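# Close look at the chain arrangement
Each chain, letter by letter, is given below.
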Protein chains: 2
Amino acid sequence: MEFPSKLIENAVGELARLPGIGRKTALRLALHLLKAEMDTTASLAEALAKMRFEITYCNTCHSISDTEECAICANKLRDHSLVCVVSDVRDVIAIENTGQYKGVYHVLGGVISPIEGIGPSDLHIDSLVARAAAEDSEVREVILAISPTMEGDTTAFYLSRRLRDLPNVHISTIARGIPVGGELEYADEITLGRSIVERLRQAR
Amino acid sequence: MEFPSKLIENAVGELARLPGIGRKTALRLALHLLKAEMDTTASLAEALAKMRFEITYCNTCHSISDTEECAICANKLRDHSLVCVVSDVRDVIAIENTGQYKGVYHVLGGVISPIEGIGPSDLHIDSLVARAAAEDSEVREVILAISPTMEGDTTAFYLSRRLRDLPNVHISTIARGIPVGGELEYADEITLGRSIVERLRQAR
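Residues numbered from 1 in each chain as written. Chains lettered and ligands numbered in written order. Predicted model: local features only at pLDDT ≥ 70, side-chain atom pairs only at ≥ 80, totals over all residues. Heavy atoms only, no water.

## Structural notes on the overall build of chain A
Heads up, the condition is: In this text, helices come from DSSP runs of H or I with a minimum length of four residues, and strands from runs of E with a minimum of two, each type numbered from the N-terminal end. Here the globule rule is a power law, 2.2 Å times the number of residues to the power 0.38, and the radius of gyration is based on C-alpha atoms. Residue contacts are counted whenever heavy atoms from the two residues lie within 4.5 Å of one another. His is not counted here, nor are the chain ends, while Lys and Arg score as positive and Asp and Glu score as negative. Charge coordinates come from a single atom per side chain, which is NZ of Lys, CZ of Arg, CG of Asp or CD of Glu.
Of the regular secondary structure elements, chain A holds 8 helices and 6 strands. At 22 Å, chain A has a C-alpha radius of gyration far larger than the 17 Å of a compact globule built from 204 residues. For chain A, the spread of C-alpha atoms along the principal axes amounts to about 70 × 50 × 35 Å. The long-range share in chain A, meaning contacts at least 24 apart out of those at least 6 apart in sequence, stands at 45%. Of the side-chain charges in chain A, 22 are positive and 29 negative, and the distance between the mean point of each set is 3 Å.

## Some details on the nonpolar core
We apply this condition: Nine residue types can take part in a nonpolar core, namely buried Ala, Val, Leu, Ile, Met, Phe, Trp, Tyr and Cys, and a core is a set of them joined through side-chain atoms within 4.5 Å. Relative accessibility thresholds used throughout: buried, under 20% of the residue-type maximum; exposed, over 50%; partly exposed, between the two (1.4 Å probe, protein chains only).
Counting 111 residues, the largest nonpolar core has A:Ile8, A:Val85, B:Ile8 and B:Val85 as its most contacted members. Setting aside residues up to four positions removed in sequence, B:Ile8 forms contacts with A:Met51, A:Ile55, A:Ile64, B:Phe3, B:Leu27, B:Ala30, B:Leu31 and B:Leu34.

## Quick notes on helix α1 (residues 6-15) of chain B
Residues and elements named next belong to chain B. What counts here: Think of the arc as the fan of directions from the helix axis to the C-beta atoms. Under the rule applied, a polar contact is a pair of N or O atoms within 3.5 Å (in protein, one hydrogen donor and one hydrogen acceptor; residues adjacent in sequence only if both atoms are side-chain atoms).
The complete set of buried residues in α1 reads Leu7, Ile8, Ala11, Val12, Glu14 and Leu15. Along the axis of α1, the buried positions cluster into a sector of 165 degrees, meaning they face one direction only. Sitting at the amino-terminal end of α1 is Ser5, which places a side-chain oxygen 3.1 Å from the backbone nitrogen of Leu7.

## Some points on the pattern of salt bridges
Here is the rule we go by: Salt bridge criterion: a side-chain nitrogen from Lys or Arg within 4 Å of a carboxyl oxygen from Asp or Glu.
On inspection of all chains with the given rule, the structure shows 16 salt bridges over all chains. Between A:Arg17 and A:Glu14 there is a salt bridge, with its nearest N and O atoms 3.3 Å apart. By relative accessible area, A:Glu14 is classed as buried at 13%. Between B:Lys35 and A:Asp88 there is a salt bridge whose closest N-O contact spans 3.8 Å. Taken together, the residues span two chains, with B:Lys35 in helix α2 (residues 23-35) and A:Asp88 in the loop between β3 (79-86) and α5 (89-98). Connected through shared salt-bridge partners, A:Lys35, B:Asp88 and B:Arg90 make up one network.

## Observations concerning the side chain of B:Arg78
Residues and elements named next belong to chain B. For Arg78, the position within the fold is in the loop between α4 (71-74) and β3 (79-86). Residue classification places Arg78 among the buried positions, given a relative accessible area of 11%. Setting aside residues up to four positions removed in sequence, Arg78 forms contacts with Ile72, Glu96, Tyr101, Lys102, Gly103, Val104 and Tyr105.

## Focus on the pairing of strand β6 (residues 170-173) of chain B
Condition: Should DSSP find at least two bridges between two strands, the strands are regarded as paired.
Pairing of strand β5 (residues 141-144) of chain B with β6(B), which is carried by 4 bridges, proceeds in the parallel orientation. When the bridges of β6(B) are listed, B:Val142 appears paired with B:Ile171.

## What to know about the interface of chain B and chain A
Selection criterion: Values labelled buried area give the accessible surface lost by two parts on being combined, using a 1.4 Å probe and summing over both. Classification used: nonpolar for Ala, Val, Leu, Ile, Met, Phe, Trp, Tyr, Cys and Pro, charged for Asp, Glu, Lys and Arg, polar for all others including Gly.
Chain B puts 54 residues into the contact, and the matching count from chain A is 54 residues. Across the chain B/chain A interface, buried area totals approximately 5200 Å², and carbon plus sulfur atoms make up 73% of it. Area buried by chain B at its contact with chain A is led by B:Leu7, B:Leu34 and B:Arg52, which between them contribute 14% of it. Applying the counting criterion to the chain B and chain A interface returns 2 salt bridges. There are 12 residue pairs in polar contact (both at pLDDT 80 or more) connecting chain B and chain A. Contributions of two or more residues to the side of chain B that touches chain A are made by α1, α2, α3 (38-54), β2 (64-65) and α5 (89-98) of chain B. Considering every element that reaches the side of chain B that touches chain A, the biggest residue donor is α3(B), with 15 residues. Looking at the side of chain B that touches chain A residue by residue, the class counts come to 31 nonpolar, 10 polar and 13 charged.

## What about the sheet that holds β6(B)?
The strands making up a sheet associate through backbone hydrogen bonding, with each pair oriented either parallel or antiparallel. All names here are of chain B. Our working definition: To get an axis, fit a line to the C-alpha atoms, keeping to the stretch in contact for a helix; angles then go from 0 to 180 degrees between the N-to-C directions.
One open sheet accounts for 4 strands, arranged β4-β3-β5-β6; its pairing is parallel. Where the open sheet ends on each side, the last strands, each with one partner, are β4 (103-107) and β6. Each neighbouring strand pair of the sheet contributes to a mean axis angle of 25 degrees, computed without reference to strand direction. The pairing of β3 with β5 spans 4 bridges and is classified as parallel. From the neighbouring strand, Leu82 faces β5, where its bridge partner is Glu141. Packed onto the sheet, helix α7 (residues 150-163) meets β3, β5 and β6 and runs at close to 170 degrees relative to β5.

## A closer look at the relation of the copies chain B and chain A
Note the cut-off: Superposition of the copies was done by least squares, using only C-alpha atoms of residues whose pLDDT is at least 70 in both.
Note on the identical chains: chain B maps onto chain A by a rotation of 180 degrees and an axial translation of 0.0 Å, with an RMSD of 0.1 Å. Here the transformation between the copies is reduced to the relation of a two-fold axis. In terms of proximity to the rotation axis, the leading residue of chain B is B:Ala45, whose C-alpha is 2.2 Å off the axis.

## A closer look at the environment of A:Met150
Tracing the backbone shows A:Met150 in helix α7 (residues 150-163). Along the primary structure A:Met150 and A:Ile112 are separated by 38 residues, whereas in three dimensions their C-alpha atoms are 9.5 Å apart.

## Observations regarding the domain arrangement of chain A
Interface size is often expressed as the accessible area that is lost when the parts come together. Rules: These domain boundaries are the output of an automatic or database domain assignment.
Partitioning chain A into structural domains gives domain 1 (6-54) and domain 2 (57-173). Its C-alpha centre places domain 1 of chain A at a distance of 34 Å from the equivalent point of domain 2 of chain A.

## Points about a negative patch on the surface
Stated precisely, the cut-off is as follows: Only residues above 30% relative accessible area that lack a salt bridge enter a patch, with like-charged residues linked at up to 9 Å and the nonpolar side chains Val, Leu, Ile, Met, Phe, Trp and Tyr linked at up to 5 Å. Note on areas: Shrake-Rupley with a 1.4 Å probe; residue coverage comes only from the protein chains shown.
Residues A:Asp79, A:Glu135, A:Asp136 and A:Glu138 make up a contiguous surface patch of negative charge. Structurally, A:Glu138 can be placed in the loop between α6 (126-133) and β5 (141-144).

## Focus: the UniProt feature "domain: Toprim" (unreviewed entry) in chain A
Put simply, the rule reads: UniProt positions are given in the numbering used here, feature names are shortened, and annotations may be inferred rather than shown by experiment.
Residues annotated by UniProt as "domain: Toprim" (unreviewed entry) correspond here to residues 81-179 of chain A. The distance from the first to the last C-alpha atom of residues 81-179 of chain A is 28 Å, and the span holds 32% helix and 19% strand.

As structure tokens, this is what we get:
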């Protein structure tokens, strides 16, 4: 694609580096910004730069935070004996949106992936173990809420090996099974098989 | 959706104002930027702001340009007697990419749309008429290359009425018909009907 202006070519190039945005979409976004008020672009550029340069991470759970301790870790009403381990801040937001979880979190910052060169030392695993093993630790249960992909399962396995020697800490995994509203016939065999093996007995 | 940080909430809000980007995609983009180098965000923000504030438009054809006269209008090798009227810079880029057109352009900056409150005076129509009617005008043909939507057809109709009294200027429209590679049975009736009525006779 040839562009009539270096400035627009530059902007399109930068936008197209974002995941899921190709050059055609990038051009559409750039032309949209050109048509909109100048303020729109100014506040977008400022919000992005401000976010990138000023954001901090919680010292305890490594989630995104505006302060040294995130709002969830600082909340005394939450159950600090329950730690939900997730790979990403997105998962924290997703679980928070369910409104079903009252414990705290630990964000690994990714999953173990030898192909991408990400080993255990690149993730916040040591700080999780330290957090659970500390003498004054309140942690009684670690919930592994990591996506059941190849890398996610590897990470979960590694974590359970690192944590299993802690006498007072239970390890659990989020339930696998048929999604609510899902059709049995379209479920893959592994999910369906596990959902039968790990069936829930109804209370009488 | 609740966000763990005001900074990220702000950035997501701004990104989600872009066309075709919802809050989930915006969050994905924001988290991508947070994971990437700081430079990525800095150069994206800078490219967007620079584009918005420094871009200029060609005085003749109103296309995007880095200079007062765009590269196409300044090109003496192009046919300045042929003016292709388009609604948007995107169309200029699309036509240029075909490599089939050697004339110049005129960018209207939109189409007439009473619903959106866009009338002829909001578009670069007067300057097109002035350009074609000028005493020293080179223009011999105006090609209307406007999308055949309701608003586009209205705009084309309005333009042809404004231009029809100019004795030395022919008006033409880009050909409508079955797209190359398209299947006849899937074409809509109007397109198929017009493609038969306005059929091209093969040279013997």
